[in-house]
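Fold and contact review
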Amino acid sequence: MNFKKIFFSLLITISCFGLSAQNNTSSPYSGLGIGELEMSSGGRNTAMGQTGIGLRSNLFMNTANPASLTAIDPQSFLFDIGVNFEYTKLENKSKSVDVTDGNLSWLQIGFPISKKLFGAISINPKSSVGYNIFTLKSIDGLPAQYESLYEGTGGLSEAAGMLAWKLSKNISFGAKAGYIWGNVSQTLEQNIVISSTQYSLIQEDNISYAGSYFNLGTQLSVPFSSKSSFVLGSIVGLSSRLNSETSTTITKSYSSSSEIMASDVKSSSTAKLPIDFGVGVSFLYGPKWVAAIDYKRSNWDEATLNISSEKLSTNNSYRMGFEFSPKNDPKSFRQTAKYRLGYRFDTGYIKMYNYQIHEQAITFGAGIPIKRDKSFANFSVELGLRGTTSANLVQEKFVKLNCSFNLWDRWFTKRQID
Amino acid sequence: MSLVLTILTVSCNISTIEDFVVGENFIKDKTGITMIDTLTIQSSIVKFDSIISNSSGRLLVGNNYNSFSGYKNSKAYMEMVFDDDISYTEFVFDSICMVLNYDTYYSGDTTVTQTFEICQLQEEMELDDNSYLYTTSRFTYNSSPLGSITLTPRPNTNSTINIRLADRFGEKLATMIKEENDTIEDETLFKEFFKGLVIQSKENVKGSVIGFSTADSETSESTETETTSTKPEIRLYYHLTPNPGDLSDLYYKFSFNSDGIYFNQITEDNSNSLMEGISETENERSTKLTNNQLFVQSGVQVFSKIKIPYLDNLFWMGENSAYIGATLRLFPVKGTYKTADLPDSLYVYNADRKNHITGQVTAPGSTEEYVYATLNVNVDVEETVYYEVDISSYIDTDLKESMETNRSFIIGYGSTAAKKTANHIILGGANSGKYSPELNVYYYHN
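Residues numbered from 1 in each chain as written. Chains lettered and ligands numbered in written order. Predicted model: local features only at pLDDT ≥ 70, side-chain atom pairs only at ≥ 80, totals over all residues. Heavy atoms only, no water.

Right, let's talk about the side chain of Gln297(B) for a bit. The topology assignment puts Gln297(B) in strand β18 (residues 293–297). Other than its neighbours up to four places away in sequence, Gln297(B) contacts Asn66(B), Ser69(B), Lys72(B), Glu268(B), Val302(B), Tyr413(B), Asn423(B) and His424(B). (Helix = DSSP H or I, 4+ residues; strand = E, 2+ residues; numbered from the N terminus. Contact = heavy atoms within 4.5 Å.)

Here's what the structure looks like:
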């Protein structure tokens, strides 16, 4: 029964990844760097302002800190799959445009290996590229402007394996090793009229990425009173490399003829992704209240990417979240609905015209128990803002809906009859 | 779920993202289009002495002068035929004259007095094996003229000029008419008798070259088409004795033979000009020797030649770069022209290393469409006048040939204009400061 369920879920996942040609973003900012960074550590985290470093739960998957896996109940496993839909209004000083996107957010499974050792695997988008940019450029010394159209789709995915060790009742360590891969295709089109002939120069770049990363996490539970406790958590991500190979084709089209100027010219480069570091704390008050605060810092300014370093800056993330379970009765095994609220502020890793592209969002959502076991359907809404309309930039107002199923089930249970 | 459906519905209403213009900074840093205007240009002039000039559609007579090429002189050669309705009547010969009609074309200074002479050919004109005659073709004629006129031409008036011819010539014709001589009835015999004539003007005058009509003009008013005789003719005036009908102004007519041979012989005296010493074999001269000035001329054809010797340098633009196109601008030198007199366009030909024309420069992406150097007049604070030509395909061809280039392109008057006008334009050559040719090469880089 359990395996059927897993198999079925995997099937859905794979078909979702098959559909991942569907854009995950339409942000003009996603053309820079490796695209728009995805936050995909679990359905509960999303509704709680993307907190998670200091969160522990036996019910909900949390891959923000691998040390949290030690909270999984023995002889059970957690399976979490999420999808999202995003509606964005792009605005600059003069115009606005509406776009919608959607995709799989994550698939993650956590399970115990032994009494002290826990494992997890996850697969999720790492970043998304989806832009469609129209701009007018000029040539030095000439009055005329020419049209530039830029289109990009694709993104990076990551698959990770996690291992967590429960040193003692209150101290846990975790490690996460991941593989990052993906494809981004960019079409850069420039149109220029030279002496009444219209020329179209189309550069098609197909970039394939591959890289890996490694990070560590720890959590420390501090019982506070009989009713309440703290969890302190920290994570550190080690610098990781991302290799890319680009295949470039340039086509020149004019007066009904078309010429390939460069065909499948290969180039490769290595990008250095940033070191990150985060701390978080959660406070559990009785069976009904959870509050969490995270701070995370990613040193993007020290990363090397295919854009000028002036456009990269340190990303500081400040996150807070609450969870309220009004009907939760610790004496009952029956699960009740959980209501969540959060706020997050990211300074962003892209800087343009000296404006860092901030992103902030308020989040709210609910976890609704399904069936009679410990499984939940999680819903969340993020209302957010990214960027600014100053300095010819773009502001994005977005509504992101996330829907995930966090399934709890028994894990390799030997029937213990005696 | 209904919320999700609502969102999906919204996605169908996405307004066009093309309207959403964002700043340049959003995209990959380096890609774009660049223009380079620093490629070396070599300029020179090339003189083509002989141009096909028979049946040019205009008779050119006169002299003009410019400081670049010196004196030009044009003579018009033609044949005359008698009119079909010459029939004998009792008449008394009065006088004979030639009538020419201005066709409004002129080039040069029309205020200068010139003398036009009409001389009789001593040999019959013949076309060459290809049925051509050239501006350099020659036929002998009697140097003592049948008649002449000294005048200041007024080509813009629709008037005619009458040149009185020698009475003895008229009397000879009158006698033939009276005798009903076969010469007046048989075309071949007439041609033997009167082989044709040349209209020439005294040389080395800083005057003008004038155009005369070779065809009758037709004016159509509503339904009726009226033909006015405007081609050259010789009129033999007479009166009747007795004259019962009191008729006056009677004449027999010998007309310009439109179907016969006619051509303009145009010569140039380059002495004391910038082109002094240029010859048929050494027909090219660098603008370094012509005050950095380029020149195009019709009548005696002179082309401006442009060579871009280091085009290969474009290959150093790097990988993932692509040549797009190129334009060349040539600037007429202020003070040497009247904007209204400049032709709207000039022809552009490919030339090989021996300056032989190998065809017109084609439009980009076409083998049948050609490019021209077209006149642009921008009136801003100051008037800017230039000829611009799209030389994209010329450079494209050059770039695709790996060998060092020996090619060039030459700009000048087309063959039609060359044989029926005697114009010129002085343009800035390489290194002539603000009149220097502008070569703009556009390329894409990333």
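This part covers the environment of Lys195(B). All names here are of chain B. Along the chain, the position of Lys195 falls in the loop between α3 (187–193) and β10 (197–201). Considered as a pair, Lys195 and Ala422 are 227 residues apart in the sequence and their alpha carbons are 27 Å apart. Beyond its immediate sequence surroundings of up to four residues, Lys195 is in contact with Glu79, Leu121, Gln122, Glu123 and Glu124. At a separation of 3.0 Å, a polar atom in the side chain of Lys195 contacts the main-chain carbonyl oxygen of Glu192. (Polar contact = N/O pair within 3.5 Å; in protein donor to acceptor, adjacent residues only side chain to side chain.)

Okay, the state of the cysteines next. Residues and elements named next belong to chain B. Going through the model one piece at a time under the given rule, you end up with zero disulfides over all chains. Lacking any disulfide linkage, Cys119 is separated from the closest cysteine sulfur, that of Cys97, by 17 Å. The exposure class assigned to Cys119 is buried, which follows from its relative accessible area of 0%. (Disulfide = S-S within 2.5 Å. Buried < 20%, exposed > 50% of the residue type's maximum accessible area, 1.4 Å probe, protein only.)

A few words on helix α2 (residues 167–179) of chain B. All names here are of chain B. Along its 13 residues, α2 runs 18 Å from first to last C-alpha, staying within 8% of the 18 Å computed at 1.5 Å per residue. Of all the positions in α2, only Phe169, Gly170, Leu173, Ala174, Met176 and Ile177 are classed as buried. Angularly, the buried residues of α2 cover 160° about the axis, an arc narrow enough to put them on a single face. Turned more than 90 degrees off the buried face of α2, the exposed positions are Arg168 and Glu179. Of the surrounding elements, those touching the buried residues of α2 are β6 (92–108), β7 (114–120), α3, β14 (233–239) and β15 (250–256). Directly beyond the C-terminal end of α2, a positive phi value near 50° is found at Glu180. (Expected span 1.5 Å × (residues − 1). Arc of directions from axis to C-beta.)

With that settled, consider the pattern of salt bridges. Once their charged atoms are close, side chains differing in charge can pair, the charge on each being opposite to the other. Residues and elements named next belong to chain A. Inspection of the entire model under this criterion finds 26 salt bridges over all chains. In this structure, the salt-bridge partner of Arg386 is Glu396, at a minimum N-O distance of 2.2 Å. Of this pair, Arg386 sits in strand β17 (residues 375–387) while Glu396 sits in strand β18 (residues 395–410), placing them 10 residues apart in sequence. For Glu396, a relative accessible area of 1% gives the class buried. Among the charged side chains, a network of salt bridges with common partners joins Glu36, Arg319, Arg344, Asp346, Glu359, Glu382, Arg386 and Glu396. (Salt bridge = Lys/Arg side-chain N within 4 Å of Asp/Glu carboxyl O.)

Next up on the list: the confidence of the model for chain A. Residue and element names in this part refer to chain A. Residues at a pLDDT of 70 or more form 93% of chain A, whose mean pLDDT is 87. Put simply, helix α1 (residues 2–18) is where chain A has its lowest mean pLDDT, 52, and strand β13 (residues 338–346) is where it has its highest, 97. The low-confidence segment residues 16–21, where pLDDT is below 50, has seven contacts with residues more than four positions distant or belonging to other chains. (pLDDT = per-residue confidence, 0-100.)

Residue and element names in this part refer to chain A. Together, Ile293, Met320, Phe322, Leu341, Ile362, Phe364 and Leu383 line one region of the surface with nonpolar side chains, adding up to about 600 Å² of accessible area. Elements that contribute at least two residues to the nonpolar patch include exactly β12 (315–324) and β16 (359–370). Following the sequence through the fold, Phe322 ends up in strand β12. (Patch = residues over 30% accessible without salt bridge, like charges linked within 9 Å, V, L, I, M, F, W, Y side chains within 5 Å. Areas by Shrake-Rupley, 256 points an atom, 1.4 Å probe, with all protein chains shown as cover.)

Residues and elements named next belong to chain B. Throughout the structure, instances matching the rule amount to 36 aromatic pairs over all chains. A centroid spacing of 6.3 Å and a plane angle of 75° characterise the contact between Tyr77 and Tyr141, whose relative ring orientation is edge-to-face. Taken together, the residues Tyr77 in strand β4 (residues 70–78) and Tyr141 in the loop between β7 and β8 (147–151) connect sequence positions 64 residues apart. The burial state of Tyr77 is the same as that of Tyr141; both residues are buried. (Phe/Tyr/Trp six-rings, centres within 6.5 Å; stacked < 30°, edge-to-face > 60°.)

The biggest cluster of nonpolar side chains holds 57 residues, and the ones touching the most others in it are Ile192(A), Leu305(A) and Ile324(B). Setting aside its immediate chain neighbours within four residues, Ile324(B) contacts Ile192(A), Ile194(A), Tyr199(A), Leu201(A), Lys252(A), Ile33(B), Tyr442(B), Tyr443(B) and Tyr444(B). (Core = buried A, V, L, I, M, F, W, Y, C linked by side-chain atoms within 4.5 Å.)

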